[in-house]
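Commentary on secondary and tertiary structure
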Amino acid sequence: MIVEPLTGSAIAAAIPALARLRIAVFAEWPYLYAGDLAYEERYLAGFAAEAGALLVVARDGETIVGASTASPMAGQDEDIRAPVATAGFDVARICYFGESVLLPEYRGRGLGHAFFDAREAHARAMGHTTAMFASVIRPKDHPARPAGHRPHDAFWQGRGYAPVAGLTCQIAWKDHGEEAETSKPLQFWAHAL
């Protein structure tokens, strides 16, 4: 296994693999995302064009089996950036950690920690003092919730992250089985770097 941080033009070559990973992994609980490859590639091209964007990839040989992203909060879409700014945070000092996707057969090998290590190092190198990410909030009685599901909260808390009380955002996507996109609430988590 190789974990490699990519920046600048090096990100572009990995976008198709990241798009496929996002569709596969986000189809799972709790995101239940009904992804579209064309949309993903457009969205990720925008991410790759951001100054300060980082893509961390995990490779098994030449195959990308996991990926994680980070970029400045100041460059995020309004639906992510605005609630953070309204809550009084200086968005110029925050690095936003986007997706972290890993195929199931590669989980439990320490790659999640490697993703966080690389993103935190990148954020510090850019002069950010806080790292933030947002995770979807689903009802405990949601019919698609798998029996015995364990959320990632303990892992995130072990890395020093905590939910920011009252700080959420709304992002729309289409769940599997939905006819159209619906807005979902996401909880922000933060960690001082």
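See above for the structure.
Residues numbered from 1 in each chain as written. Predicted model: local features only at pLDDT ≥ 70, side-chain atom pairs only at ≥ 80, totals over all residues. Heavy atoms only, no water.

Focus on the side chain of Ser-71
The criterion, for reference: Note on conventions: DSSP H or I runs of at least 4 residues are helices, E runs of at least 2 residues are strands, and numbering of each starts at the N terminus. Relative accessibility under 20% of the residue-type maximum defines a buried residue, over 50% an exposed one, and the middle range a partly exposed one, all with a 1.4 Å probe and only protein chains included. We call two N or O atoms a polar contact when they sit within 3.5 Å, provided that within protein one can donate a hydrogen and the other can accept it, with sequence-adjacent residues counted only if both atoms are side-chain atoms. By definition in these notes, contact holds between two residues if any of their heavy atoms fall within 4.5 Å.
Here Ser-71 lies in strand 3 (residues 63-72). A relative accessible area of 4% places Ser-71 in the buried class. Within the structure, Ser-71 has its side chain in polar contact with the side chain of Gln-76 (distance 2.7 Å). Ser-71 has contacts with Phe-47, Gly-52, Ala-53, Gln-76, Cys-95 and Tyr-96, leaving out every residue within four places of it along the chain.

Digging into the nonpolar core
Soluble globular proteins: nonpolar side chains tend toward being buried together. Just so we agree on the cut-off: To qualify as a nonpolar core, a set must consist of buried Ala, Val, Leu, Ile, Met, Phe, Trp, Tyr and Cys residues joined through side-chain atoms within 4.5 Å.
Counting residues in each nonpolar core, the largest one holds 38 residues, and the members touching the most others are Ile-11, Leu-55, Met-73, Val-84, Met-132 and Phe-188. Ranked by residues supplied to this core, first place goes to helix 1 (residues 15-26) with seven residues. Apart from residues no more than four positions distant in its own chain, Leu-55 is found in contact with Glu-4, Pro-5, Leu-6, Ile-11, Ala-14, Leu-18, Phe-47, Ala-67, Ser-68 and Thr-69. Listed in part, the 18 residues of the second largest apolar core include Val-56, Leu-111, Phe-115 and Phe-133.

Brief notes about the packing of helix 1 against helix 2 (residues 37-49)
Rules: Geometry is summarised by axes, namely lines fitted to C-alpha atoms with helices restricted to the contacting stretch, and by angles between N-to-C directions that run from 0 to 180 degrees. Any angle from 65 to 115 degrees is called roughly perpendicular, while one under 35 is roughly parallel, one over 145 is roughly antiparallel, and all others are oblique. Left-handed describes a crossing in which the near helix is turned anticlockwise from the far one by less than a right angle; the clockwise case is right-handed. Three classes are used: nonpolar for Ala, Val, Leu, Ile, Met, Phe, Trp, Tyr, Cys and Pro, charged for Asp, Glu, Lys and Arg, and polar for all others, with Gly counted as polar.
Contact geometry for helix 1 and helix 2: axes closest at 9 Å, N-to-C directions at 125°. When the interaxial angle is binned, helix 1 and helix 2 end up oblique. Once helix 1 is placed against helix 2, the crossing between them reads as right-handed. Counting all contacts with helix 1, which are made through Ile-15, Pro-16, Leu-18, Ala-19, Arg-20, Arg-22 and Ile-23, the residues of helix 2 involved are Leu-37, Glu-40, Glu-41, Tyr-43, Leu-44, Ala-45 and Ala-48. Class assignment for the residues of the contact of helix 1 with helix 2 results in ten nonpolar, no polar and four charged.

Concerning the packing of aromatic side chains
This is how the line gets drawn: In this scheme Phe, Tyr and Trp rings, the latter by its six-membered ring, pair at centre separations within 6.5 Å, and the angle between planes marks the pair as stacked below 30 degrees, edge-to-face above 60, and tilted otherwise. Over a ring means this: the NZ of a Lys or the CZ of an Arg is within 6 Å of the ring centre and within 35 degrees of the ring normal.
Taken as a whole and assessed by the stated rule, the structure comprises twelve aromatic pairs. With a centroid separation of 6.0 Å and 65° between ring planes, the pair formed by Phe-97 and Phe-116 is classed as edge-to-face. Placement of the pair is Phe-97 in strand 4 (residues 94-102) and Phe-116 in helix 4 (residues 111-125), with a sequence separation of 19 residues. In terms of burial, Phe-97 and Phe-116 fall into one category: buried. Taking 6.5 Å as the distance between ring centres and 50° as the angle between the ring planes, the aromatic pair formed by Phe-97 and Tyr-161 counts as tilted. Note that Phe-97 is positioned in strand 4 and Tyr-161 in the loop between helix 5 (153-158) and strand 6 (162-173), a separation of 64 residues in sequence. Residue classification places Tyr-161 among the buried positions, given a relative accessible area of 2%. Put simply, the rings of Phe-97, Phe-116, Phe-133, Phe-155, Trp-156, Tyr-161 and Trp-189 pair up and form one aromatic cluster. One cation-aromatic arrangement involves Arg-119 over Phe-116; the distance from NZ or CZ to the ring centre is 4.5 Å.

Points about the pattern of salt bridges
Put simply, the test is: One speaks of a salt bridge when a side-chain nitrogen belonging to Lys or Arg is within 4 Å of a carboxyl oxygen belonging to Asp or Glu.
In this structure the tally under the stated criterion is ten salt bridges. Note that Arg-81 and Glu-78 form a salt bridge whose closest N and O atoms lie 2.4 Å from each other. Here the residue Arg-81 and the residue Glu-78 both occupy positions in helix 3 (residues 78-86), the gap between them amounting to three residues, near one helical turn. Relative accessible area serves as the criterion here: at 23%, Arg-81 is assigned to the partly exposed category.

What about the pairing of strand 7 (residues 182-192)?
The cut-off we apply is this: Pairing between strands is defined by DSSP: at least two bridges between them are needed.
Strand direction decides the pairing type here: strand 5 (residues 130-136) and strand 7, joined by seven bridges, are antiparallel. Within the sheet, the bridge partner assigned to Val-136 lies in strand 7 and is Leu-186. Relative to strand 7, strand 6 runs antiparallel, the two being bridged by eight bridges. From the neighbouring strand, Trp-173 faces strand 7, where its bridge partner is Thr-182.

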